[in-house]
Structures are given as structure tokens and as C-alpha cells.
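# Coordinate analysis (summary)
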Amino acid sequence: MFMEGKEKLGGKLALVTGAARGIGRSHALRLAHLGADIVINDIGLESYKEFGEKISAPTVVDEVSALGVKCIGIEADVSNKNQVEVMFKNVLDEFGHIDILINNAGGLVGEVFQSFASSVSEKDLRATIDRNLMGTIFCCQEATEPMKTQGWGRIVNTASQAALQAQQGGVYASYGVAKAGVIAYTRYLAQELAPYGITVNCIAPAYVSTHRLEQKVFSIPGWKEQYLAQIALGRMAEPDDISKVVEFLVTDLGDYVTGQCLSVCGGVIKF
Ligand SMILES: NC(=O)c1ccc[n+]([C@@H]2O[C@H](COP(=O)([O-])OP(=O)(O)OC[C@H]3O[C@@H](n4cnc5c(N)ncnc54)[C@H](O)[C@@H]3O)[C@@H](O)[C@H]2O)c1
């Protein structure tokens, strides 16, 4: 049987972390298009303003709700276990179930040229691991019991090409280490939860053209040109290129896929 449009995720509840801008916001919009009710989590629900990202309504919650699904926003820091516990309690109180968890919140903490393996500060390293790895683990742990009880769940974590190969010159080491942890954690959790009808996968994008990236990374002279020359498909990824793969993993199309790390990188040779 082939499912279409809002049938695909109708009746499901998806929690997307770090969804107030960039790739996470794109995931939330795509899953809402497919009929899922949405929880927008972010450490700051107005983070879209920081790099001038334009949204189509006064808030991200409003623009998702405009797609005809129920949507709420929850401000919480995913690297804080207590805040994650409270968030999941609120989600279950409000919706009674959680079906899809997209762990998207993440990113390098600190400056690109201070992220080297030999010299990254303890503070930046711990903060990067907290934001990317601990945040993912805390959310997965809270989602596990409700998903097990209902005998169905879809979890997608966010790694990076930086975890699969070292970037030229060694920048992003702290971030690569944290994201490599996300990949290993994903594989273990997938093994553990498969008997309960829960799939756990992760995606590994290369650079994605978000407002933040264009302003913070591609403002470094020569960086974008050098990177573009390495992409087989010859263009930067848009956020929705990544969200399409999330759609695959959380709908019936991905029913037989678990424990995998999918590269979404346009055939890039080096990150
Ligand atoms: N943009 C890229 O090129 C790229 C490439 C590979 C992987 N990724 C990964 O994709 C994900 C999204 O990237 P993006 O470029 O959209 O990032 P972004 O920085 O533009 O957006 C991340 C969002 O997460 C929120 N956030 C940060 N820390 C949080 C926390 N502790 N708790 C809750 N929310 C938090 C931020 O406020 C922000 O709204 C990240 O995990 C990132 O590492 C991005």
C-alpha cells in the first residue's frame, strides 16, 4: 500500500530539537507537511533572529501550526538532563505519546581555528560534547520508555561528515569527536531497541547552506570556493536536502533501516 501526503505521519508526534532555525526548522516544516504534530524544542525559540533567517509567520510555532497540525514550542537546553526530563514530561502530558525524535540540536562550541585536536580548550571540548553527544543521549533516554510501551518509534540523530573523516588541516576536531560519539551511540541504541519496533539512525551532512554557516564559516575568504570544488553534485546542500532524508527514515520508506549512518553530502570527497 502506498501512503501519500498527510497520511504518512498523520496521528504521530515528532519532537525536533534545535528547531528554531536552520536544518531543525526545515525538519519541523517537512514533518508537519506529512501530517505530524510537532514539538519545536530550542534553547532559544527566537534563535532564527540571530543570523537574520526569515520565517513565514511571527514565530516558528506559528508557521508550523499554519500547516494544519498541532505545534507547541518548548525552550530547553538538551545538554541539561533535568531540563530534558521536564520537556519530555510536558510533551507526554500534552500529547500522550511521542513517536518520532529528531536530535538535531548541535554544532561546534568555540571558534573554528581553536578546535584543533592538540590544543582545543577543555571548556570548548566539554561544551561541544555536551551540546552534540550528551544532548542526544539525554533525549534518546527519555524517548525510549514511551516508544517501547507503544511498540513503535523512529529516532534520527545528527552526526556530520566531520565524524567520518578529518577535515583538512585538522580544524573541527572537537566537533568531529563529539559527532563520532553520536554515530557509535546510534548503533548501540539501534541494536537495543530493534526488538521493540524502534529504529535508530543518524545522518551525516557535509556543509549545509544555513544563514549561520553563510555568515560564520563561508565568510572566511576562499573557504566556500574550496569546499564547492569538492562536491560531486556541484552545489551546496539546502536544509531541505537533509530533511528529505529524515522523511525517508521516519516514514514507511525507512521501515527496514536501523543502526545506520547515512551520508548526505552530495558526494563530497573531503569535508
Ligand atoms: N550546517 C551545516 O553545515 C551542518 C553540517 C553537518 C552537520 N550539521 C549539524 O546539523 C545540526 C543543525 O545544524 P544547523 O546548521 O542548522 O545549526 P544552527 O546552529 O543554525 O541551529 C542549531 C539550533 O540548535 C539550537 N541549540 C543549540 N544548542 C542547543 C541546546 N543545547 N539545546 C537546545 N537547542 C540548542 C540553537 O539555538 C539553534 O536554533 C547540528 O547538529 C549540526 O551539528 C550541520
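Computed from a prediction, not measured in an experiment: that's the story for all the values here.

Reading the values: the criteria
- Residues numbered from 1 in each chain as written.
- Predicted model: local features only at pLDDT ≥ 70, side-chain atom pairs only at ≥ 80, totals over all residues.
- Helix = DSSP H or I, 4+ residues; strand = E, 2+ residues; numbered from the N terminus.
- Rg over C-alpha atoms; globule rule 2.2 N^0.38 Å.
- Near = placed C-beta within 6 Å.
- Nonpolar A, V, L, I, M, F, W, Y, C, P; charged D, E, K, R; others polar.
- Pairing = 2+ DSSP bridges.
- Axes fitted to C-alpha atoms, helices over the stretch in contact; angles between N-to-C directions.
- Contact = placed C-beta atoms within 7 Å.
- Parallel < 35°, antiparallel > 145°, perpendicular 65-115°, else oblique.
- Left-handed = near helix turned anticlockwise from the far one by under 90°.
- Expected span 1.5 Å × (residues − 1).
- Buried ≥ 20, exposed ≤ 12 C-beta atoms within 10 Å, placed from the backbone.
- Arc of directions from axis to C-beta.

A separate point is the overall build of the protein. Within the protein, the regular secondary structure consists of 9 helices and 7 strands. At 18 Å, the protein has a C-alpha radius of gyration in line with the 18 Å of a compact globule built from 271 residues. Taken over the C-alpha atoms alone, the protein extends approximately 50 × 40 × 35 Å along its principal axes.

Right, let's talk about the site of the ligand for a bit. Residues in contact with the ligand amount to 29 residues; listed here are only the nearest, Gly-18, Gly-22, Ile-23, Ser-47 and Gly-106. Secondary structure elements with two or more residues in the shell around the ligand: α1 (22-33), β2 (37-42), α4 (122-150) and α7 (211-216). Per-element accounting of the shell around the ligand gives the leading share, 3 residues, to α1. Class assignment for the residues of the shell around the ligand results in 9 nonpolar, 15 polar and 5 charged.

This part is about the sheet that holds strand β6 (residues 198-205). Taking strand neighbours across the sheet as the criterion, the 7 strands line up as β3-β2-β1-β4-β5-β6-β7 in an open arrangement whose pairing is parallel. Edge positions in the open sheet fall to β3 (71-75) and β7 (261-264), since each of these has one partner strand only. Adjacent strand axes in the sheet meet at a mean angle of 15 degrees, parallel and antiparallel pairs treated alike. Relative to β3, β2 is paired through 5 bridges, and the arrangement is parallel. In the sheet register, Ile-40 faces β3, and the bridge partner there is Gly-73. Packing of helix α6 (residues 173-193) onto the sheet brings it into contact with β5 (153-158), β6 and β7, and relative to β6 it is tilted by some 165 degrees.

A few words on the packing of α1 against helix α9 (residues 239-250). The angle between the axes and the distance between the axes are what describe a pair of packed helices. Running from N to C, α1 and α9 point in directions that differ by 50 degrees, and their axes come no closer than 8 Å. Between α1 and α9, the angle falls in the class oblique. Classified by chirality, the crossing of α9 by α1 is right-handed. Note on element contacts: α9 touches α1 through Pro-239, Asp-240, Ile-242, Ser-243, Val-246 and Glu-247, opposite Gly-22, Ile-23, Ser-26, His-27 and Arg-30.

A few words on helix α3 (residues 81-95). Across its 15 residues, α3 extends 21 Å between first and last C-alpha, which sits within 8% of the 21 Å expected from 1.5 Å per residue. Buried within α3 we find Val-84, Met-87, Phe-88 and Val-91. Buried residues along α3 cover an arc of 95 degrees about the axis, so they all sit on one side. Away from its buried face, by an angle of more than 90 degrees, α3 presents the exposed residues Asn-82, Lys-89 and Asp-93. Just downstream of α3, Gly-96 is the residue with a positive phi angle, here 85 degrees.

This is a description of form; function is not addressed.
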